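Chain residues, written in single-letter form:
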Amino acid sequence: MFDPLQSKQLLEARIGARRFASDPASVDALVERCAGLPLALSLLAAQIALRPRRVLASFVNALGDGPLDALATADGVGVRTIFSWSYRQLRPELARMFRLVTQHPGTEITPGAAAALAGVTVRDAGRMIAELVANHQLIEIEPDRWVLHDLLRVHGQELCEPGEAAEAFERLLHYLVHTGFAAAVLLAPGRVRVELPELPADVEVVAPTTRDEAFAWFDSEQPNNLAVLRAAAGRADVLLWLCVWTIADCLMAMARVQDRAGRGDGARASYAAALEILDALDHPDAQLVRKCLAQQR
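Residues numbered from 1 in each chain as written. Predicted model: local features only at pLDDT ≥ 70, side-chain atom pairs only at ≥ 80, totals over all residues. Heavy atoms only, no water.

Student: I'd like a rundown of the layout of surface pockets, residues and numbers included.
Tutor: Where empty space is left becomes clear once a probe the size of a water molecule has been rolled over the atoms. Approximately 430 Å³ is the volume attributed to the largest pocket. Every element with two or more residues in the lining of the largest pocket is listed here: helix 9 (111-118), helix 10 (122-134), strand 2 (145-147), helix 12 (164-187) and helix 13 (211-231). The element that contributes the greatest number of residues to the lining of the largest pocket is helix 13, accounting for four residues. Volume-wise, the second largest pocket comes out at about 350 Å³. What lines the second largest pocket is a set of 20 residues, among which Leu37, Phe83, His136, Gln137 and Leu152 lie closest to the centre. Here the element with the most residues in the lining of the second largest pocket is helix 7 (residues 79-88); it accounts for four residues. (1 Å grid on protein atoms, 1.4 Å probe; cavity = no way out; pocket = protein on both sides within 12 Å on 5 of 7 lines; lining within 4 Å. Points joined across faces, edges and corners; volume = space filled by probe spheres on them. Helix = DSSP H or I, 4+ residues; strand = E, 2+ residues; numbered from the N terminus.)

Student: Got a sec to walk through the packing of helix 1 (residues 4-15) against helix 3 (residues 24-34)? Specific residues and values, please.
Tutor: Axes are the key here: two packed helices are described by the angle between their axes and the distance separating the axes. At a closest axis distance of 10 Å, the pairing of helix 1 and helix 3 adopts a crossing angle of 115°. Relative to helix 3, the element helix 1 is oriented roughly perpendicular. Every pair of crossing elements has a handedness; the one defined by helix 1 and helix 3 is right-handed. Mapping the contact onto sequence places Pro4, Ser7, Lys8 and Leu11 in helix 1 and Val27, Asp28 and Val31 in helix 3. When the residues that make up the contact of helix 1 with helix 3 are grouped by side-chain class, the tally is four nonpolar, one polar and two charged. (Axes fitted to C-alpha atoms, helices over the stretch in contact; angles between N-to-C directions. Parallel < 35°, antiparallel > 145°, perpendicular 65-115°, else oblique. Left-handed = near helix turned anticlockwise from the far one by under 90°. Contact = heavy atoms within 4.5 Å. Nonpolar A, V, L, I, M, F, W, Y, C, P; charged D, E, K, R; others polar.)

Student: Before we move on, can you summarise the environment of Thr246 with the specific residues and values?
Tutor: Turning to its location among the elements, Thr246 is positioned in helix 14 (residues 238-260). Distance from Thr246 to Phe181, taken between C-alpha atoms, is 5.1 Å for residues 65 residues apart in sequence.

Student: I'd like a rundown of unusual backbone geometry, residues and numbers included.
Tutor: What you tend to see is this: most non-glycine residues have negative phi, and most peptide bonds are trans. In the Ramachandran plot, His136 falls in the positive-phi region, its phi being about 70° despite a non-glycine side chain. Relative to the elements of secondary structure, His136 occurs in the loop between helix 10 and strand 1 (139-142). The phi torsion at Asp144 lies on the positive side, around 65°, for a residue other than glycine. Of note, Asp144 is situated in the loop between strand 1 and strand 2. Note on Asp144: relative accessible area 46%, which makes it partly exposed. (Buried < 20%, exposed > 50% of the residue type's maximum accessible area, 1.4 Å probe, protein only.)

Student: Quick rundown of the pattern of salt bridges? Include the residues and the values.
Tutor: Side-chain pairs of opposite charge can arise whenever the charged atoms involved come near each other. All chains considered together, the criterion is met by 11 salt bridges. With its nearest N and O atoms 2.7 Å apart, the salt bridge here joins Glu93 to Arg91. Judged by its relative accessible area of 37%, Arg91 falls in the partly exposed class. With a closest N to O distance of 2.6 Å, Arg145 and Glu108 form a salt bridge. Placement of the pair is Arg145 in strand 2 and Glu108 in the loop between helix 8 (92-101) and helix 9, with a sequence separation of 37 residues. Residue class for Arg145 comes out buried when judged on its relative accessible area of 9%. Salt bridges sharing common partners tie together Arg91, Glu93, Asp124, Arg127 and Glu131. (Salt bridge = Lys/Arg side-chain N within 4 Å of Asp/Glu carboxyl O.)

Student: Give a description of helix 3 that names residues and reports values.
Tutor: Residues of helix 3 that are buried include every one of Ser26, Val27, Ala29, Leu30, Val31 and Cys34, and no others. Looking one or two residues beyond helix 3, the residue adopting positive phi is Ala35, at roughly 50°.

Student: Any details on empty space enclosed by the protein? Residues and values, ideally.
Tutor: Summed over the entire model, instances satisfying the criterion amount to one cavity of 30 Å³ or more. Quantified by volume, the largest cavity comes out at close to 60 Å³. Within the residue set of the lining of the largest cavity, elements represented by two or more residues are helix 12 and helix 13. Broken down by element, the residue count for the lining of the largest cavity peaks at five residues, all from helix 13.

Written out as structure tokens, the structure reads:
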């Protein structure tokens, strides 16, 4: 993987200094879209070099509309082809895990989330994720946290079989509700309890057991939790408002703590988004939760 400077150096060498310098903003956007993947950068540079009269901004638009199609040669060999070669080498269980982790709407993947998406145990998920890291389908950014290259995410989503994505997301919501509930009641034992749906047999939850663990889970998972909520916003069932119930109260408490530390924007924005989701739900329990949470602002 290249860093941004190395990515720019490759582009400049391939497309020429004058064209490279003609539109710095588009160069930055192209480098960001390729995310340091040498293959993607090389294919992009070849596309640009073959079309000397096209402005760089047009390539930015092409990558946004269909990145895997844009990064291909005239004979059809490109990122999708290379990704497919690598994907076909995976055992069926690894291929399935790869397809399903690409369904996570957040940017980082944890063992619990990966296990829920695939409907396997946390231990088995960790083993399979380790193999995907070794095969360069995932990148480990710190212990037990992984990210996907944006282009690989698109590729994996394309490969999902009918029904797979919806089933995986349903399991992820159950995981979030049950894990978040356990963390929420540790942080606020006096909260009015709600009844949870039964945890599916293929979803394993390793819940926090102390207040410190609960706060750490909410803190580290805040961006992922909000991404899941936003992805689920079109739903109108009990799982969605329960997701908000589990995280919104803690988000407000975190916002107060972060305000005092001068960094409250993230939690406060997440809290506001959670309330907006509740506003859109035509469900009496959701409106009751929304009223209770709003009083704590």
